[in-house]
Amino acid sequence: MKSASGSRWRRPYCVGILCIGLFALAACQTTGSVDGEAKTEPKYKVSRTLYTPFFDQADHLKDLIEEKKLDDAAVLVEEQSNFFTQKWQLYKNDLKVVADHLSSKHAARL
């Protein structure tokens, strides 16, 4: 007779393997075009095609700030406004750096 307890560990194990497989599949998205195809303007100028739980929009913003690419950081915030609007309190210090840069850049015009 087969024990029911032997299959109990298999279900969470299989679900874990399935999740890892789906994550790996999602990470394989491409952004390029096949040779000979007409190239179109990308949807985003700064944003990446894929963000993960290990590297999200906030991590990208921090990298741009560290690299002193504040204009690109401002574009990222605009392109990913839905993400930053929902979680602005978590990233308010980084968003303030970008806002201060934009304010100083356009202060002469005001």
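Refer to the structure printed above.
I will try to describe carefully the structure that is included in this document.

**As for the pattern of salt bridges**
Applying the stated criterion to the full structure yields three salt bridges. A salt bridge links E67 to K69; the nearest nitrogen and oxygen atoms lie 3.5 Å apart. Of the residues examined, E67 reaches a relative accessible area of 47% and is grouped as partly exposed.

**Here's the deal with the nonpolar core**
Membership of the largest hydrophobic core comes to 16 residues, with the highest contact counts inside it found for L61, L76 and F84. Those elements that provide at least two residues to this core are α3 (57–66), α4 (70–79), α5 (81–86) and α6 (92–106). Among the elements that make up this core, the one with the highest residue count is α4 (five residues). In contact with F84, other than residues within four places in its own chain, are Q57, A58, L61, L76, V77, Y91 and L95.

Calculation criteria
- Residues numbered from 1 in each chain as written.
- Predicted model: local features only at pLDDT ≥ 70, side-chain atom pairs only at ≥ 80, totals over all residues.
- Heavy atoms only, no water.
- Salt bridge = Lys/Arg side-chain N within 4 Å of Asp/Glu carboxyl O.
- Buried < 20%, exposed > 50% of the residue type's maximum accessible area, 1.4 Å probe, protein only.
- Core = buried A, V, L, I, M, F, W, Y, C linked by side-chain atoms within 4.5 Å.
- Helix = DSSP H or I, 4+ residues; strand = E, 2+ residues; numbered from the N terminus.
- Contact = heavy atoms within 4.5 Å.

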